[in-house]
Structure formats: C-alpha cells, structure tokens
Amino acid sequence: MDKFDAFSNDAHNDIVPTDMNFTSEVLAWCITRLKARYPFLRVGTAGTSIMGCPIYLLKIGNGHNEVFYNASHHANEWITSLLLMRFLESYARNCAFGGKIFDINAQLLYSKTTLTMIPMVNPDGVDLVTGALSEGDYFNRAAEMARRYPDIPFPSGWKANIRGIDLNLQYPAGWENARATKYALGVTAPGPRDFVGPSPLSEPESLALYEITRTHDFTLTLSMHTQGKTIYWKYLDYEIKNAYDIAQKFALVSGYDVEETPIASGYAGYKDWFISSFYKPGFTIEAGEGISPLPLSQFQSIYSDCLGMMTLGLTGLF
Ligand SMILES: [Zn+2]
C-alpha cells in the first residue's frame, strides 16, 4: 500500500486523500493510518461483502448517547465515504488536541456520544464504479447485466451491489411496496439500480447494517447519499419525536432543503426501516448536486455544507 504514502509522511498532514477515487483499498489504507495516529479509534467489521471485502465498522467516543452514520449504500455515491472519513479524521484530530469542530468542543462530544460509522456499505460496487474492479468474473457479470440497460452508463451509473441488487431497497419496511413499484417500472431482475432483490436482507451488505443496528441502541442515524441537497426525515406517517425539528436544524446549517420522500422511493430504505422499527429519528442526506458520481472537485463544498449536520448529529441536544 506504499503507493499512497506520499499523503501521510508528516503527522500534520491529512491522512484521508481528497484527490483520488475513494476505493475500498484507499479506505482500508486510511483506516490503518488513522488508527495508528489516533489509537482511541475502534476498528472492526460488520461483515463482508459478496466479494469478501470487509465492511468496516469504526467507533469513536465513549458517551452514553449512540449514533450511527453510514455511506455508500449506492456504488456511484462513493464520494459520501470520503465525506464520512474526512469528518472522522477532523473529529479525531480535535479530540486528540482539544480543538473544536463546527465550534463545538470535540472532547465534550467524545465524552457524551459514541459514534458508530460504516463508511462504505457497498465496497464491491464502489470498486466497480471507481475503476478499481475492471476485470474478472464479477466485473464481467455486472457488465452483462448492464448491457440490458443501455441508457444507464457503465460503470458510472451503477448503484447496486456487485450482483445487481440495490442495497437501499433491501430493508424490511414496506419491501413488498418497493418491489411492486419497481416491478411496475420494469425493474424485475438484477441490474445497475433499483432491483429490490429476491427478499429483504438477501444481501450480506444490507444484512450487516441490519444486525449492527439491532445490536445497538442508536438515538439517531444519518445515511449519506448523493445527490440533490436534500434532507429526508420521514417514513409514511410515523410521528417521530424531534425528527422534523432536527431536520430543520440540519437545513439551517447546510442550506439543504427538507423534503418528504417521493412515493416512488418511499419504502425499504435503511432510514425507513430504522424509523419504523425503533421510532427514533433517521435521516437520508442527499449531498451535493449533479449527476452521480459527483466529481471530486465538488468535495470541499459538500464537506462544508455537511459538516454542521454531521457534528450536530453527535450532540444529542435536540
Ligand atoms: Zn443513494
């Protein structure tokens, strides 16, 4: 992994690079270096992907309040993995050196909240879109599926996991409704996007998030996606205490719009399942604007838009 070492030859330099595609290998490299520099980070895995890649689970903080952030359910939204990892690095640095993040004392947040993070839910899909996976059986099978959808560019339009199942249509919250909606639109088989799979949680990646969530007591979840500068906070008519108010605060610090989920994508997402199973606030953040994968040139503006939401999410002060 020495090819990335140019980015960390100085303890004051950032470890997480913002000028290269954020593949599963870059993620693993960053985690190793961050753990070495900030030993208070806890590193584990939530499971493994179809191709056997670890689904990394990171924890920071020792507070009673538990929150959960995840990114890259969707392959071509991989810039969200970079977003969470840059946030983690900045937060860890400020914890180590007594600094502030978004004007809040980082050590205070650390003592009040435990953040659990799965920064790359779909590593195989990310590797496909970033070009890290460009040959072999899995690649060939994905390319073959993609040929049935000539209007969707390959691999840049790929959202699904490596066997063509959309991981954010996998959760047991109105999954049958999601299936009916997508089947009516003609998506009845594995492909680049929108296929719900043979059953809820049929994929190891969505099952990993399900198990992690069931074995924790999260008070809030953030699922990072692209794009649209939008905050989704609702599932059907579930009334979740504080959810709308938090969404409004998020809007204030990000400039993003608070919206109700469109009916066509209103079921079987992680947020939908979290809200309906635990009656706690769960959000989908659609970061940035444009056609996914969003270019790295947009990263700094996405980061500054989302920093407030990612920090306020830790406070538990709503
Ligand atoms: Zn998405």
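Residue indices follow the written sequence of each chain, beginning from 1 at its first position. Local features are withheld for residues below a pLDDT of 70 in this predicted model, meaning they are given only at 70 or higher, and side-chain atom pairs are given and counted only at 80 or more; totals for whole chains, interfaces and linings count all residues.

Caption draft 1: Spatial organisation of the overall build of the chain. Helix numbers and strand numbers start at the N terminus; a helix is a DSSP run of H or I with at least 4 residues, a strand a run of E with at least 2. Tallying secondary structure elements over the chain gives 10 helices and 10 strands in all. Radius of gyration means the value over C-alpha atoms here, while the globule rule gives 2.2 Å times the residue count to the 0.38 power. Since a compact globule built from 318 residues should have a radius of gyration of about 20 Å, the 18 Å found for the chain is in line with a globular shape. To sort residues by burial, count the other C-beta atoms lying within 10 Å of each one's C-beta; a count of 20 or more means buried, 12 or fewer means exposed, and anything in between means partly exposed. C-beta atoms are built from the backbone. Taking all 318 residues of the chain together, 49% fall into the buried category. Partitioning the intrachain contacts of the chain with sequence separation of at least 6 by distance along the chain shows that 78% fall at a separation of at least 24. This entry defines residue contacts through backbone-placed C-beta atoms, with two residues in contact when those atoms are within 7 Å.

Caption draft 2: Broad picture of the sheet that holds strand 8 (residues 230-232). Two strands are said to pair when DSSP picks up at least two bridges between them. Pairing is mixed in the open sheet, where eight strands are placed in the order 1-2-6-3-7-10-8-9. Single-partner strands in this sheet number two, and they are strand 1 (42-48) and strand 9 (257-259). On average, each strand axis in the sheet is inclined to that of its neighbour by 20 degrees, with strand direction left out of account. In this description, a line fitted to the C-alpha atoms serves as the axis of each element, helices being fitted only across the stretch in contact, and the angle between N-to-C directions of two axes falls anywhere from 0 to 180 degrees.

Caption draft 3: Geometry of unusual backbone geometry. Here the residue pair Phe154 and Pro155 is connected by a cis peptide bond, since its omega of 0 degrees sits within 30 degrees of zero. Relative to the helices and strands, Pro155 resides in the loop between helix 5 (137-147) and helix 6 (175-184). Phi at Phe102 takes a positive value of approximately 50 degrees, unusual for a residue other than glycine. Tracing the backbone through its elements, the reader meets Phe102 in the loop between strand 4 (100-101) and strand 5 (104-105).

Caption draft 4: Geometry of the pairing of strand 10 (residues 282-287). By the criterion of burial, strand 10 is predominantly enclosed, with six of the six residues buried. Burial along strand 10 is two-sided: the residues Gly282, Thr284 and Glu286 and Phe283, Ile285 and Ala287 are all buried. For strand 7 (residues 218-226) and strand 10, the ladder comprises six bridges, and the chain directions are parallel. In the strand pairing of strand 10, Met224 is matched with Ile285.

Caption draft 5: Structural context of the pairing of strand 2 (residues 54-60). Burial within strand 2 is extensive, with five of its seven residues counted as buried. Alignment of strand 1 against strand 2, held across six bridges, turns out to be antiparallel. Its bridge partner lying in strand 2, Arg42 is registered against Lys59. The antiparallel pairing of strand 1 with strand 2 creates a hairpin that spans five residues between the two strands, and Gly52 there sits at a positive phi of about 90 degrees. The sheet contact formed by strand 2 and strand 6 (residues 113-118) spans three bridges and is antiparallel. Counted as the bridge partner of Ile60 is Leu115 from strand 6.

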